[in-house]
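Here is what each chain is made of, one letter per residue.
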Amino acid sequence: MVKKNCCVFISGKGSNLLALIHSSRSYNFPINIKLIISNTKKAKGILLAKKYSIPIKISNHKNNLNEIEIINELKKNKISIICLAGYMRILSKNFLKNYNGKIINIHPSLLPKYKGLNTFSRVLRSKDKSTGCTVHYVNERLDSGKTILQKKVFISPKDNEETLKIKVQKKEHRAFSEAIFRIYN
Ligand code: GRF
């Protein structure tokens, strides 16, 4: 099978990146991770790039790798799908236009509920009985693009932000790969 070239954008731990790396190693998974971009050199996920020998570019304010340069890197690597895995920078309209319909994001709530940051504390305050994660296309409005897939978790009265995050992230790690299968099948 001819795999699509994928770039994963990260800013943090990279647990979703790791899940995608594992999936991409299987021969029938539709993507190959060709490039990783981090907006900070402090992201722990950078270690994964090194461990799995995947090229990485840091795009922070210091080296000022701007979006035009990122787009050049993406073109050079013939990237046809971008996975935002905890990427904490807003992409410009111009960038989104260049990759329209080819950028997907994972968000730790059942969208359209709890767009934006601090989802777990807001969910817990709400007294909702369940929450989850959403993989969706990225458009110009925050966490508002078309949903590809959602996974639900139940909230126990004993949950706190940390336990809820662990539960939701466990689902995320499967959701991202399943969403990619769904896109290409
Ligand atoms: C995930 O929980 C994702 O939903 C959110 O950022 C977090 C990234 O975690 N957008 P990691 O870096 O993949 O571990």
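Higher on the page you've got the structure.
Not measured: the values here are computed from a predicted model. (Residues numbered from 1 in each chain as written. Predicted model: local features only at pLDDT ≥ 70, side-chain atom pairs only at ≥ 80, totals over all residues. Heavy atoms only, no water.)

## A closer look at the packing of aromatic side chains
Here is step 1: Throughout the structure, instances matching the rule amount to four aromatic pairs.
Here is step 2: Among the aromatic residues, those joined into a cluster by ring pairs are Phe9, Tyr87, Phe95 and Tyr99. (Phe/Tyr/Trp six-rings, centres within 6.5 Å; stacked < 30°, edge-to-face > 60°.)

## A few points about the layout of surface pockets
Here is step 1: Of the volumes computed, that of the largest pocket is approximately 1100 Å³.
Here is step 2: Put simply, the parts of the chain that give the lining of the largest pocket at least two residues each are helix 1 (15-24), strand 4 (81-85), helix 4 (93-98), strand 5 (103-107), helix 5 (119-126) and helix 6 (161-184).
Here is step 3: When residues in the lining of the largest pocket are grouped by element, the largest group, four residues, is from helix 6.
Here is step 4: Residues that form the lining of the largest pocket fall into these classes: 13 nonpolar, 17 polar and nine charged. (1 Å grid on protein atoms, 1.4 Å probe; cavity = no way out; pocket = protein on both sides within 12 Å on 5 of 7 lines; lining within 4 Å. Points joined across faces, edges and corners; volume = space filled by probe spheres on them. Helix = DSSP H or I, 4+ residues; strand = E, 2+ residues; numbered from the N terminus. Nonpolar A, V, L, I, M, F, W, Y, C, P; charged D, E, K, R; others polar.)

## A closer look at the environment of Gly45
Here is step 1: Tracing the sequence through the fold places Gly45 in helix 2 (residues 45-51).
Here is step 2: Judged by relative accessible area, which is 0%, Gly45 ranks as buried.
Here is step 3: Considered as a pair, Gly45 and Leu17 are 28 residues apart in the sequence and their alpha carbons are 7.3 Å apart.
Here is step 4: Gly45 has contacts with Ile10, Gly12, Lys13, Gly14 and Leu17, leaving out every residue within four places of it along the chain. (Buried < 20%, exposed > 50% of the residue type's maximum accessible area, 1.4 Å probe, protein only. Contact = heavy atoms within 4.5 Å.)

## Quick word on the nonpolar core
Inside soluble globular proteins, nonpolar side chains tend to come together where they are buried.
Here is step 1: Core analysis: the biggest nonpolar cluster contains 36 residues, and Val8, Ile33, Cys83, Ile104, Val135 and Phe176 have the highest contact counts within it.
Here is step 2: Top element by residues in this core is helix 6. It accounts for six residues.
Here is step 3: Mapped onto the domain boundaries, this core takes at least three residues apiece from domain 1 (1-100) and domain 2 (107-185).
Here is step 4: Listed in part, the 17 residues of the second largest apolar core include Phe9, Leu74, Leu84 and Ile103. (Core = buried A, V, L, I, M, F, W, Y, C linked by side-chain atoms within 4.5 Å. Domains from an automatic or database assignment.)

## Observations regarding the site of the ligand
Here is step 1: Around the ligand lies a shell formed by Gly12, Lys13, Gly14, Ser15, Asn16, Gly86, Ile106, His107, Pro108, Gln169 and Glu172.
Here is step 2: Here an oxygen atom of the ligand and a backbone polar atom of Gly14 are 2.8 Å apart.
Here is step 3: Here an oxygen atom of the ligand and a side-chain polar atom of Glu172 are 2.4 Å apart.
Here is step 4: The fraction of the free accessible surface of the ligand (370 Å²) that becomes covered by protein chains is 85%.
Here is step 5: Applying the majority rule of atoms within 2 Å of the grid points places the ligand in the largest pocket.
Here is step 6: Counting residues per element, the ones that place at least two in the shell around the ligand are helix 1, strand 5 and helix 6.
Here is step 7: Of the residues belonging to the shell around the ligand, the class tally is two nonpolar, seven polar and two charged.
Here is step 8: Mapping the shell around the ligand onto the domain boundaries places at least three of its residues in each of domain 1 (1-100) and domain 2 (107-185). (Near = heavy atom within 4 Å. Polar contact = N/O pair within 3.5 Å; in protein donor to acceptor, adjacent residues only side chain to side chain. Areas by Shrake-Rupley, 256 points an atom, 1.4 Å probe, with all protein chains shown as cover. Sits in = over half its atoms within 2 Å of the grid points.)

## Brief notes about the environment of Leu48
Here is step 1: With respect to the secondary-structure elements, Leu48 resides in helix 2.
Here is step 2: Residue classification places Leu48 among the buried positions, given a relative accessible area of 15%.
Here is step 3: Between the C-alpha atom of Leu48 and that of Lys13, which follows or precedes it by 35 residues, the distance is 9.4 Å.
Here is step 4: Leave out the neighbours within four places in its chain, and Leu48 touches Lys13, Gly14, Leu17, Leu18 and Ile21.

Fair warning: the whole summary comes from geometry, so function is off the table for now.
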